[in-house]
Amino acid sequence: MTYDEALADRIRAAVEAAAGPTDHREIKMFGGLCWTVNTHMAVGTGEDDLMVHVGQDGIEAALANGARRATMGERTMGGVVLVAAADLPDDAALDAWVAPAVARAQAKPPKPPKK
């Protein structure tokens, strides 16, 4: 799988604006990119979608706002939705998804380092 470089650049800028220049990490994952904030997955991209961690409690609201459930093969990814790049026409639309995901990750305690 490849990812949309233009969308990745937009996400990168939105994550940095929401998290600050040092409180996030960009990781290549499953042929796409993922951004973690405070050691927790916040958003990602693959092909031409924004992947957003909304938590189990945020799924219904996200679906009502035009997202669709994220799947990996036949498995539905818990607490994660996809938003089509076509539904993110400007920075405000992108920020409306990225900023809450970043805030959600920042509100959690950091994960302990792997041994």
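Undergrad: Any chance you could explain the environment of A84 here in plain terms?
TA: For A84, the location among the structural elements is in strand β6 (residues 75–84). Given the relative accessible area of 23%, A84 is considered partly exposed. Sequence separation between A84 and A67 is 17 residues, and the spatial gap between their C-alpha atoms is 7.5 Å. With near-sequence residues (within four places) excluded, A84 lies in contact with D48, D49 and R68.

Undergrad: Please clarify how the pattern of salt bridges should be interpreted in this entry.
TA: Pairing of side chains with opposite charge becomes possible as their charged atoms draw close. Within this structure, the stated rule accounts for 5 salt bridges. Residue R104 is joined to D57 by a salt bridge in which the shortest nitrogen-to-oxygen separation is 3.0 Å. With R104 in helix α3 (residues 91–106) and D57 in the loop between β4 (49–53) and α2 (59–64), this residue pair connects regions lying 47 residues apart in the sequence. Taking the relative accessible area as the measure of exposure, D57 reaches 65% and is therefore exposed. Among the salt bridges present, the one from R69 reaches E60, with a minimum N-O distance of 3.3 Å. Accessibility expressed as a relative area gives 40% for R69, which makes it partly exposed. Residue classification places E60 among the exposed positions, given a relative accessible area of 55%. Counted as one network, the salt bridges with shared partners bring together D9, R12 and E26.

Undergrad: Hey, could you run me through α3 in this one?
TA: Residues lying three or four places apart along an α-helix face the same way, a consequence of the helix completing one turn every 3.6 residues. Over its 16 residues, α3 extends 21 Å from the first C-alpha to the last, a length consistent with the 22 Å expected when each residue adds 1.5 Å. Regarding α3, the residues found buried are L94, W97, V98, A101, V102 and A105. Buried-residue contacts for α3 involve α1 (5–19), β2 (32–37), β3 (40–46), β4, α2 and β6. Where α3 begins, the capping side chain belongs to D90, and its oxygen is found 3.3 Å from the backbone nitrogen of A92.

Undergrad: Please explain the nonpolar core as it appears in this structure.
TA: The tendency in soluble globular proteins is for nonpolar side chains to be buried side by side. Counting 26 residues, the largest nonpolar core has V43, L50, V52 and W97 as its most contacted members. Residue assignment for this core shows that the elements contributing at least two residues are α1, β2, β3, β4, α2, β6 and α3. Residues within four places of V43 in sequence aside, it is in contact with I11, V15, C34, W35, L50, M51, V52, V98 and A101. Membership of the second largest hydrophobic core comes to 5 residues, among which are M51, M77, V80 and L82.

How each quantity is defined
- Sequence order as written defines residue numbering, which begins from 1 separately in each chain.
- Per-residue local features of the predicted model are confined to residues with pLDDT of at least 70, and side-chain atom pairs are confined, for both listing and counting, to 80 or more; whole-chain, interface and lining totals are unaffected and use all residues.
- Excluding hydrogens and water, the side-chain values take into account all heavy atoms of the structure.
- Working definition: helices are DSSP H or I runs of at least four residues, strands are E runs of at least two. Numbering for both runs from the N terminus.
- For the exposure calls, accessible area comes from a 1.4 Å probe over protein chains only, and a residue counts as buried if that area is under 20% of its type's maximum, exposed if over 50%, partly exposed in between.
- Residues count as neighbours in contact if any of their non-hydrogen atoms are within 4.5 Å of one another.
- For this document, the term salt bridge refers to a Lys or Arg side-chain nitrogen within 4 Å of an Asp or Glu carboxyl oxygen.
- In this scheme, a helix's expected span is set at 1.5 Å multiplied by one less than its residue total.
- Residues adjacent in sequence count toward polar contacts only when both atoms are side-chain atoms; beyond that, a polar contact is any pair of N or O atoms within 3.5 Å, and within protein one must be able to donate a hydrogen and the other to accept it.
- What makes a nonpolar core is a set of buried Ala, Val, Leu, Ile, Met, Phe, Trp, Tyr and Cys residues whose side-chain atoms join them at distances within 4.5 Å.

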